[in-house]
There are 2 protein chains.
Amino acid sequence: MIKNNKNENTESLILEAAKSIFQTKGMDGARMQEIADQAGINKAMLHYYYRSKQLLFEAVFKNAFSLLAPQLNTVLNDDSSIEEKVRNFSSNYISFIAEHPYLPNFIIQELNRNPDFILKMKESNGFPNLEKFKKQVDVEVANGIIKKIKAEQLFINILALNVFPFIAKPLIQNLIDADESDFQHIIEERKTEVADFIINSIKK
Amino acid sequence: MIKNNKNENTESLILEAAKSIFQTKGMDGARMQEIADQAGINKAMLHYYYRSKQLLFEAVFKNAFSLLAPQLNTVLNDDSSIEEKVRNFSSNYISFIAEHPYLPNFIIQELNRNPDFILKMKESNGFPNLEKFKKQVDVEVANGIIKKIKAEQLFINILALNVFPFIAKPLIQNLIDADESDFQHIIEERKTEVADFIINSIKK
DNA sequence: ACATTTGTTAACCAATTGGTTAAACTATTT
DNA sequence: AAATAGTTTAACCAATTGGTTAACAAATGT
């Protein structure tokens with residue numbers, strides 16, 4: 001058999017396969033055998049490298065979360081204005097999620113199933129922190145740059161407008177009668193649409 | 001044994017138990033035995049009344065969807081202006097979901113897992129229809145009442161801002177560092193906050 | 001060359017799961 | 001009250017599932 005390089009060794013083969021299965025089927029719907037098949041290896045190897053389904057799942061989850069968190073963080077903590085942050089975030093985040101469409105749904109779904117799970121994430125560094133954003137919103141409100149709004153509500157709105165379409169895709173597609181290409185087009189539009197919508201609402 | 005009335009007969013006991021288990025654990029995570037235990041009856045009864053796990057699940061899903069759909073429909077199809085629709089929807093929908101917190105997540109999650117499933121829902125009457133809303137948005141845009149926006153995008157925005165906080169509750173709670181009572185308070189605020197946010201953005 | 005560690009496999013195992021069955025119990029009909 | 005139809009139960013079943021084991025193969029070190 002051909003020698004594997006670092007990107008094709010068994011351990012990462014397993015992680016990649018597990019990622020794909022867990023993210024589409026969830027913890028409960030995923031089967032160890034299916035993960036092994038997709039990785040092209042024996043089921044016993046899953047346990048050799050990750051001990052149990054739970055630990056393999058946690059490895060996948062942490063991996064996914066650590067991909068998502070920096071996207072939030074960079075926007076929250078850079079030095080641009082609120083307006084610039086909103087524009088950057090909407091454009092970047094929608095592009096990012098379009099490349100990882102299962103990510104937000106996976107994370108949100110599994111956190112709903114096991115809310116204690118996020119506590120482990122909070123301990124790790126790189127967990128998104130809202131402090132700077134909060135102060136910035138308060139300052140811009142005080143200076144009359146944007147209308148009065150609580151940072152938390154604004155943050156929820158930004159997240160909602162950007163993330164929801166990906167999570168609720170099957171529902172939305174049917175409600176607005178859009179096929180796959182219609183939907184892609186609408187998502188593409190939203191890279192600026194969402195930012196404009198938010199700015200219009202908060203700009204004085 | 002005491003005679004059961006219509007609200008306590010076995011069939012609806014099962015449906016209630018199944019609702020509670022399926023909505024918190026999902027199709028894959030739910031166990032027939034657990035549903036039977038919660039209903040206080042023998043597991044064989046589940047099959048006697050609903051034949052299989054799949055059919056029991058579909059009964060629960062249709063039931064849930066038929067609760068949610070009219071909420072969308074009444075707002076989409078009444079005779080008020082877009083602004084009134086937005087205000088009504090935000091207030092009513094948030095109140096409604098606050099009473100059925102697992103509903104949107106359940107529906108969205110299971111539709112993601114099984115996208116074909118919504119086709120069955122579409123056939124049934126009462127499936128939300130956007131036609132009237134679309135025309136109305138176009139008219140109000142043409143008349144200069146609201147800013148230029150596509151009805152589909154506005155609809156997605158309304159849905160996102162109202163529904164997302166419930167779906168992403170565990171994530172949001174941790175990102176903004178809110179305990180249960182903080183979160184309830186923020187949700188309460190959103191009954192007007194969301195409507196104002198949308199109106200601010202689209203009103204000329 | 002040999003021994004030891006690391007990686008891999010096929011076969012196996014106990015527990016769980018959705019579903020069935022046959023018998024018992026209860027109400028309804030005649 | 002006897003027969004019939006509908007409801008409920010305990011015990012059972014085959015299939016699936018996560019996980020283990022023991023033997024085998026491939027590196028690695030000495």
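Attention in this report is confined to the structure presented alongside it. (Residues numbered from 1 in each chain as written. Chains lettered and ligands numbered in written order. Predicted model: local features only at pLDDT ≥ 70, side-chain atom pairs only at ≥ 80, totals over all residues. Heavy atoms only, no water.)

1. Some words on the protein's contact with DNA strand D
In the neighbourhood of DNA strand D, 14 residues make up the surrounding shell, with Arg31, Lys43 and Lys53 of chain A together with Met45 and Tyr49 of chain B lying closest. The sugar-phosphate backbone supplies 62% of the atoms of DNA strand D found within 4 Å of the protein. Note that a phosphate oxygen of DNA strand D is positioned 3.4 Å from one of the backbone N or O atoms of alanine 30 of chain A. Interatomic distance of 3.1 Å between a side-chain N/O atom of tyrosine 48 of chain B and a phosphate oxygen of DNA strand D. Of the residues forming the surface near DNA strand D, the biggest block, four residues, is contributed by helix α3 (residues 43-50) of chain B. Among the residues forming the surface near DNA strand D, the class breakdown is seven nonpolar, four polar and three charged. (Near = heavy atom within 4 Å. Polar contact = N/O pair within 3.5 Å; in protein donor to acceptor, adjacent residues only side chain to side chain. Helix = DSSP H or I, 4+ residues; strand = E, 2+ residues; numbered from the N terminus. Nonpolar A, V, L, I, M, F, W, Y, C, P; charged D, E, K, R; others polar.)

2. Describing the packing of helix α9 (residues 151-167) of chain A against helix α11 (residues 180-202) of chain B
Closest axis-to-axis distance for the α9 of chain A/α11 of chain B pair is 11 Å, and the angle between their directions is 65°. Between α9 of chain A and α11 of chain B, the crossing angle belongs to the class labelled roughly perpendicular. In the packing of α9 of chain A onto α11 of chain B, the handedness of the crossing is right-handed. In this structure, α9 of chain A uses Glu152, Gln153, Leu154, Ile156, Asn157 and Leu161 of chain A to contact α11 of chain B, whose residues at the interface are Ile186, Glu189, Arg190, Glu193 and Phe197 of chain B. Looking at side-chain class alone, the contact of α9 of chain A with α11 of chain B contains five nonpolar, two polar and four charged residues. (Axes fitted to C-alpha atoms, helices over the stretch in contact; angles between N-to-C directions. Parallel < 35°, antiparallel > 145°, perpendicular 65-115°, else oblique. Left-handed = near helix turned anticlockwise from the far one by under 90°. Contact = heavy atoms within 4.5 Å.)

3. Focus on the packing of helix α4 (residues 53-77) of chain B against helix α5 (residues 82-99) of chain B
Residue and element names in this part refer to chain B. Taken N-terminus to C-terminus, the directions of α4 and α5 make an angle of 165°; their axes are 9 Å apart at the nearest point. In terms of orientation, α4 and α5 fall into the roughly antiparallel class. Every pair of crossing elements has a handedness; the one defined by α4 and α5 is right-handed. Within the contact between the two elements, α4 uses Leu67, Leu68, Gln71, Leu72, Val75, Leu76 and Asn77 and α5 uses Lys85, Phe89, Asn92, Tyr93 and Phe96. Taken together, the residues of the contact of α4 with α5 break down into eight nonpolar, three polar and one charged.

4. Description of the packing of aromatic side chains
In the structure shown here, the tally under the stated rule is 25 aromatic pairs over all chains. Relative to phenylalanine 57 of chain B, the ring of phenylalanine 22 of chain B has its centre 5.1 Å away and its plane inclined at 85°; by these criteria the two rings are edge-to-face. Taken together, the residues span a long stretch of sequence, with phenylalanine 22 of chain B in helix α1 (residues 10-29) and phenylalanine 57 of chain B in helix α4 at a distance of 35 residues. Residue class for phenylalanine 22 of chain B comes out buried when judged on its relative accessible area of 0%. Accessibility expressed as a relative area gives 5% for phenylalanine 57 of chain B, which makes it buried. Linked through ring pairs, Phe22, Phe57, Phe61, Phe65, Phe106, Phe117 and Phe127 of chain A together constitute an aromatic cluster. (Phe/Tyr/Trp six-rings, centres within 6.5 Å; stacked < 30°, edge-to-face > 60°. Buried < 20%, exposed > 50% of the residue type's maximum accessible area, 1.4 Å probe, protein only.)

These results come straight from atomic positions and should not be treated as a statement about function.
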